[in-house]
Amino acid sequence: MKALVEGRYRGCEGGAAMFDVGQGATIAVRILERDLGRVTLRRADGFRLDRGWSLAPGGIEPPYRGRDRDDLSGFANPALTVTVGEGTVSVAAAGLTAEVTLRPFGISWRRDGEVEAFLRDRPTQAYFVSNKTPAIAHMMARHPDERHYGLGDKAGPLDRTGRRFAIDAVDPCGFDAELSDPLYKMLPLVIVDGPQGAHGIFYDNLATGSVDLGCTIDNYHGTFRSYRADDGDLDFYVLAGPSVREVVRRFSWLTGGQAFAPRWSLGFGVTSMAIADAPDADRRVTEFIADCRRHAIRCDSFHFGSGYTSIGGRRYVFNWNHDKFPDPSATMARLVEAGTQPVTNIKPCLLDDHPRLTEAIDAGILVKDKVTGAPAVAQFWDGVGFHVDFTNPDGRRWWRQGIEHALLDHGVVSMWSDNNEFEIWDEDAVCAGDGRPFAQALARPAQALLMTKVSFDAQADRSPTRRPYVITRAGPAGLARYGQTWSGDNETAWKTLRFNLTQGLNMSLSGLFNIGHDVGGFHGPRPTPELLCRFVEFCALWPRMIMNSWNDDGSVTLPWMHPSVLPQVRAVIGLRHRLLPYLYTQMWRASRDHEPAVRPLFWDFPDDAAVRGIEDAFMLGPDLLVAPVLEEGASDRRVLLPAHEGGWYDWHDGRHFAGGETVQIAASLGRLPVFVRAGAMIPVVDIDSAGNPGERSLMIFGAPASHSTADLYEDDGDMAAWRTDALLLSFHLRRKASGLELTGATQGGFRPAFDRLHVKPVGVTEPLTIGTIEGPVTLKIGATE
């Protein structure tokens, strides 16, 4: 590769400071917002790919054909002030300054009011292009005390420092949650937190590559980190922070935010390949419904594994096996009647004997080999096959018709896009590109994103007043704006719990807020009773809670798999359902405010150095600390509680603990350790013995130092107009001379199914006065002992 070390300032063009950097290449430096900069390298022959699909600033949805790389819509684009010095050029706008050194060429970024740069290019050879391959690279200086987060669904500890990761996507069934790499998503966002605060760097490139966060040590360059791509363009965004919270919010805003899923999707769900694979699958589904009733397990969704599409031992998307499911519509109706929403698995690869393959080839809707003109061959699960090209309008139309007629017409309510990593390794594979073809290697994850967008749009058009719910396993940045994802086909093992936790936290910090893990482990030996129960506990308070399995012995992981722990499993699922009003409100806030529901402890306690390295617990919203048991044979847990005036309360028994202390608590099977911040108000729903929801309550834990606030968001569960037509109840708890006073207000005209709110104090030793709830919707509110 060639190092670009000689820069020459050539003036401002199109709102950017432009520099010639050699090899016929130019670098544009922009400031898009007061906390958002951009650096774009254009080679002599132009961009390798002149569009992308990840960016949607402020919610501006990119078209299917992609957003042009030169499109600046959605950004404030403040006027630049450029100051030319001796060998330097300063590029500034309100909030942010880029200091450009011409020889050797490099850029340092500084926030207004700060003397030190928070991000510096490596002073020795920072930018590289290859004249023999399409490869590019970017090198940055690294402070030894910096910590690194992000990169989506990567394995291992929370802090990524000292590791190198592939930017790639494969299907790693039963992956090692500590060591496996790559996994499913390609998301080159790095969040850096250190002495100069936090910042982020996002590379808008969909080609394979790698990120090195201090793994490489080279005596000639000092400490550094790097990004390399095998192809594509060097086009990166600098998110100035200065906190991790601000970096994550800005990145979520930049990529279109998180879709707000229906309430039912936050319940408990089940899927199993074995049920849909069975020759009597329809009967198995009926038995599953009956077993849920018999064991008093409330199951909110049933996710059909791809066995419903089988012919023989192979799977064929949009095909119904009528031997297994004689009447798919009747099957869906039985599930819905039982309160269980049906979701179906779909895969983008047509096997070489798919019943509709000739039709797809004749229509020209498959990713092609540009040399032969034939469909590009890829290895798939049951054999070789050919992938639908979602950059082809005809391909999208064909796929959407399959969704509508094979699935939605039968009563399916949601699509689960699976095995969509698009592992087409043919170097001659080419995409239609909506009339502007490009090499498949330039944008593999865009195919998964567009596949998910088609499902989203099909559901939205079928039921325009309802919110769509879509699941995808693979994709790039931006997939959150269409739906939910998860950590993938995890291994049934104890260490999976520990490292799925940190994997999930980094997914949250990467803008993927609606996430979870396969409950019980997807692949491996059947879980023991203890491991099953701990898996249920571990997964109970993530946004997605789906029990999914493909066990080595052919068994199905279900809540009643081990009768010895069924009461405990049932109790934990009940805890999730009881906390749904709180969880639903947090997911509403995630979509409205770009704030993850699940986050590391340092998110809410950034000034508490003691919690910075905690990787075995997480926050659910601002008020609940969840510390799952991660070790086999453990019956208690040590938990470091963050420093918080007023301390913390045990959710289960109301015991009080001081903040800033390490406590040892009992954690028998079925007792998930959960702590509540003092002064917090937690909305819950009362659950009867059959798992059915009842009245709403507001639980008040202790007293705030001066005041505290809480929200309860309510709608009908899936209304499309959730931003305008819902009901928001806001509560305020104040300390007064006479004790505590609770007041509230409502916004919006939606009338919920309940008309009374019970107030349940826990650990409140002072007099509590309940004031009025003001606003357009009135509720009865009263204390309950």
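By the naming in an unreviewed UniProt entry, the protein goes by Alpha-glucosidase and is assigned to Bradyrhizobium iriomotense. Recorded in UniProt under Sequence similarities (unreviewed entry), the annotation for the protein is "Belongs to the glycosyl hydrolase 31 family."

What about the overall build of the protein?
If you tally the helices and strands in the protein, you get twelve helices and 55 strands. Expected size for 785 residues packed as a compact globule is a radius of gyration near 28 Å; at 27 Å, the protein falls within 12% of this value. By principal-axis analysis of the C-alpha atoms, the protein measures approximately 75 × 70 × 50 Å. Residues classed as buried in the protein amount to 63% of the 785 residues present. In the protein, 68% of the contacts between residues at least 6 apart in sequence involve partners at least 24 apart. Within the structure as shown, the protein displays about 26700 Å² of accessible surface, and the carbon and sulfur contribution to it stands at 50%.

Description of the UniProt feature "domain: Glycosyl hydrolase family 31 C-terminal" (unreviewed entry) in the protein
Following the UniProt record, one finds the feature "domain: Glycosyl hydrolase family 31 C-terminal" (unreviewed entry) at residues 595–682. When the span residues 595–682 is considered, its composition is 5% helix and 33% strand, and the gap between its end C-alpha atoms is 18 Å.

Points about the UniProt feature "domain: Glycoside hydrolase family 31 N-terminal" (unreviewed entry) in the protein
The feature "domain: Glycoside hydrolase family 31 N-terminal" (unreviewed entry), as given by UniProt, occupies residues 27–212 in the numbering adopted here. For residues 27–212, the helix share is 0%, the strand share is 43%, and the end-to-end C-alpha distance is 23 Å.

Thoughts on the packing of helix H6 (residues 393–407) against helix H7 (residues 444–462)
Across the interface, H6 lies against H7 with an axial gap of 10 Å and an inter-helix angle of 50°. By the angle between their axes, H6 is oblique relative to H7. Here the hand of the crossing between H6 and H7 comes out right-handed. Residues Arg396, Trp399, Arg400, Ile403 and Glu404 of H6 lie in contact with H7, whose contacting residues are Met451, Val454, Ser455, Asp457, Ala458, Asp461 and Arg462. The residue makeup of the contact of H6 with H7, split by class, is five nonpolar, one polar and six charged.

Some points on the packing of aromatic side chains
Considering all chains together, one arrives at 37 aromatic pairs under this definition. For the ring pair Trp416 and Trp486, a centre distance of 6.2 Å and an interplane angle of 75° mean the geometry is edge-to-face. Residue Trp416 is found in strand S32 (residues 414–417), and its partner Trp486 is found in the loop between strand S36 (475–476) and helix H8 (494–509); the two are separated by 70 residues along the sequence. In this structure, Trp416 and Trp486 share a single accessibility class: buried. Connected via pairs of aromatic rings, a cluster forms that spans Phe288, Phe302, Phe304, Tyr308, Trp320, Phe325 and Trp560. Over the ring of Phe118 we find Arg111, and its NZ or CZ is 4.3 Å from the ring centre. Above the ring of Trp381, the side-chain terminus of Arg315 is found at 4.6 Å from the ring centroid.

Description of the nonpolar core
Ranked by size, the top nonpolar core spans 167 residues in total, and within it Ile346, Trp399, Trp651 and Ile682 carry the most contacts. Among residues more than four places away in sequence, those in contact with Ile682 are Leu579, Tyr582, Asp623, Leu624, Trp651, Val676, Ser697, Leu698, Met699 and Phe701. Listed in part, the 45 residues of the second largest apolar core include Ala93, Ala98, Leu151 and Leu213.

Brief notes about the environment of Asp716
Residue position: Asp716 is located in the loop between strand S50 (707–714) and strand S51 (727–736). Put simply, Asp716 and Phe325 are 391 residues apart on the chain and 32 Å apart in space, counted from C-alpha to C-alpha. Among residues more than four places away in sequence, those in contact with Asp716 are Arg263, Arg466 and Phe750. Within the local environment of Asp716, its side chain forms a polar contact with the side chain of Arg466, the two groups lying 2.5 Å apart.

Let's talk about the pairing of S50
Taken across its eight residues, S50 has six buried, putting it largely inside the fold. Where S50 meets S51, eight bridges bridge the pair, whose relative direction is antiparallel. In the sheet register, Thr709 faces S51, and the bridge partner there is His732.

Things to note about helix H9 (residues 529–539)
Buried residues dominate H9, accounting for ten of its eleven residues. Considered for burial, the residues of H9 that qualify are Glu530, Leu531, Leu532, Cys533, Arg534, Phe535, Val536, Glu537, Phe538 and Cys539. For H9, the secondary structure elements touched by its buried residues are H8, strand S37 (516–519), strand S39 (544–551) and helix H10 (566–578).

Examining the pairing of strand S19 (residues 197–203)
Within S19, six of the seven residues are buried, which leaves the element mostly enclosed by the surrounding structure. Bridge analysis of strand S18 (residues 189–194) against S19 gives six bridges, and the strand direction is antiparallel. Directly across from Asp193, in S19, lies its bridge partner Ala198. Counting the residues in the hairpin turn of S18 and S19 gives two residues. Sheet topology places S19 next to strand S22 (residues 235–239); four bridges connect them, and they run antiparallel. If you follow Ile201 over to S22, its bridge partner there is Val238.

Rules used throughout
Residues numbered from 1 in each chain as written. Predicted model: local features only at pLDDT ≥ 70, side-chain atom pairs only at ≥ 80, totals over all residues. Heavy atoms only, no water. UniProt positions renumbered as here; feature names shortened; annotations may be inferred. Helix = DSSP H or I, 4+ residues; strand = E, 2+ residues; numbered from the N terminus. Rg over C-alpha atoms; globule rule 2.2 N^0.38 Å. Buried < 20%, exposed > 50% of the residue type's maximum accessible area, 1.4 Å probe, protein only. Contact = heavy atoms within 4.5 Å. Areas by Shrake-Rupley, 256 points an atom, 1.4 Å probe, with all protein chains shown as cover. Axes fitted to C-alpha atoms, helices over the stretch in contact; angles between N-to-C directions. Parallel < 35°, antiparallel > 145°, perpendicular 65-115°, else oblique. Left-handed = near helix turned anticlockwise from the far one by under 90°. Nonpolar A, V, L, I, M, F, W, Y, C, P; charged D, E, K, R; others polar. Phe/Tyr/Trp six-rings, centres within 6.5 Å; stacked < 30°, edge-to-face > 60°. Lys NZ or Arg CZ within 6 Å of the ring centre and 35° of its normal. Core = buried A, V, L, I, M, F, W, Y, C linked by side-chain atoms within 4.5 Å. Polar contact = N/O pair within 3.5 Å; in protein donor to acceptor, adjacent residues only side chain to side chain. Pairing = 2+ DSSP bridges.

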